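If you want the building blocks of each chain, they are given just below.
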Amino acid sequence: MPENLGKIFYMDWELEFLHHLQTIHTPELDKKMLFFTGLGDKAILIALFLLALIIIPKTRKYGIPMAIAVVISVLIVNVAIKPSVMRCRPCWLDQSVPLLIPVPHDYSFPSGHTNAFFAMATAVHLKNKKLGAPALVIAALVAFSRLYLFVHWPTDVIGGMITGVLSAKIGYKITNPFAGLFKKKKRR
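The following paragraphs examine the structure supplied in this document. (Residues numbered from 1 in each chain as written. Predicted model: local features only at pLDDT ≥ 70, side-chain atom pairs only at ≥ 80, totals over all residues. Heavy atoms only, no water.)

**Digging into unusual backbone geometry**
Along the chain, F109 connects to P110 via a cis peptide bond; the corresponding omega equals -10 degrees. One can find P110 in the loop between helix 5 (90-93) and helix 6 (112-127). Positive phi values are uncommon outside glycine, yet M86 reaches one of about 55 degrees. Mapping M86 onto the fold places it in the loop between helix 4 (60-85) and helix 5. The exposure class of M86 is partly exposed, given its relative accessible area of 23%. With a phi angle near 65 degrees, F150 is a residue other than glycine that sits in the positive phi range. In this fold, F150 is placed in the loop between helix 7 (129-148) and helix 8 (154-175). Classification of F150 by relative accessible area gives buried; the value is 0%. (Helix = DSSP H or I, 4+ residues; strand = E, 2+ residues; numbered from the N terminus. Buried < 20%, exposed > 50% of the residue type's maximum accessible area, 1.4 Å probe, protein only.)

**Some words on helix 3 (residues 43-55)**
If you check helix 3, its first and last C-alpha atoms are 18 Å apart, about what 13 residues at 1.5 Å a residue would give, namely 18 Å. Buried within helix 3 we find I46, L50 and L53. Along the long axis of helix 3, the arc covered by the buried residues comes to 55 degrees, so they all point the same way. Exposed positions of helix 3 whose direction lies more than 90 degrees from the buried face are I44 and I55. The inward-facing, buried residues of helix 3 contact helix 2 (27-39), helix 4 and helix 6. (Expected span 1.5 Å × (residues − 1). Arc of directions from axis to C-beta. Contact = heavy atoms within 4.5 Å.)

**Some words on the packing of helix 4 against helix 6**
Running from amino to carboxyl end, helix 4 crosses helix 6 at an angle of 150 degrees, the nearest separation of the two axes being 8 Å. Here helix 4 lies roughly antiparallel to helix 6, going by the angle between them. The two elements helix 4 and helix 6 meet at a crossing, and its hand is right-handed. In this structure, helix 4 uses K61, Y62, P65, M66, A69, V70, S73, V74, V77 and K82 to contact helix 6, whose residues at the interface are G112, N115, A116, A119, M120, A123, V124 and K127. (Axes fitted to C-alpha atoms, helices over the stretch in contact; angles between N-to-C directions. Parallel < 35°, antiparallel > 145°, perpendicular 65-115°, else oblique. Left-handed = near helix turned anticlockwise from the far one by under 90°.)

**Quick look at a nonpolar patch on the surface**
Side chains of I44, L45, L48, L51, I55 and I56 sit close together on the surface and give an oily, nonpolar patch of about 590 Å² of accessible area. Summarising the element assignment, I44 is placed in helix 3. A relative accessible area of 60% means that I44 is categorised as exposed. (Patch = residues over 30% accessible without salt bridge, like charges linked within 9 Å, V, L, I, M, F, W, Y side chains within 5 Å. Areas by Shrake-Rupley, 256 points an atom, 1.4 Å probe, with all protein chains shown as cover. Salt bridge = Lys/Arg side-chain N within 4 Å of Asp/Glu carboxyl O.)

**Describing the packing of aromatic side chains**
Tallying each qualifying case throughout the model produces four aromatic pairs. Ring geometry for Y10 versus W153: centroids 4.5 Å apart, planes at 5 degrees, classification stacked. Highlighted residues: Y10 in the segment before helix 1 (12-22) and W153 in the loop between helix 7 and helix 8, separated in sequence by 143 residues. Given a relative accessible area of 30%, Y10 falls into the partly exposed group. Relative accessible area serves as the criterion here: at 1%, W153 is assigned to the buried category. Between F144 and Y148 the ring centres are 6.2 Å apart and the planes differ by 40 degrees, which places this aromatic pair in the tilted class. Of this pair, F144 and Y148 both sit in helix 7, four residues apart, roughly one helical turn. (Phe/Tyr/Trp six-rings, centres within 6.5 Å; stacked < 30°, edge-to-face > 60°.)

**Things to note about helix 2**
Under the 1.5 Å per step criterion, the end-to-end length of helix 2 is 19 Å for 13 residues, consistent within 8% with the ideal 18 Å. Burial in helix 2 covers these residues: D30, M33, F36, T37 and G38. Looking at the buried side of helix 2, the elements it contacts are helix 6 and helix 7.

And the structure:
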């Protein structure tokens, strides 16, 4: 935990909700939430996944907007907002709640995991609603895992969803005019 807890601000309902989530823990649910939160902990794997989507001609139309959305979202959240807002995490404030993951050392608002996964899922959804729907479900599970694990406030997750969706829409606006360049040319 950092020496400087940052700024402590939250609404009473947020802490009550997070404490309520602590009452629904089961070993099986813990495993599932650790899995979903773990998806966001592997930045190198996400980067390799996006690179593979970009390299493969059939998936390039998804990979490029997803990669651009993630880059935009990381810049907005990790470079601009988190260091400016400096919001204390719930696990820093209430250390009586046992954590299932290591204590995060960066600030809380907005949720970076939620932000990145909503950026990727929304980018897919903008291109293909049928593929985007399950991607949005996965993003929502990642977001919920951050609350369940007591490392984010609900408004952090809402902020992450908003920044992720906006990043994807910006990425879509940037790449959509060039969509024809990414299509594989058919042989006659």
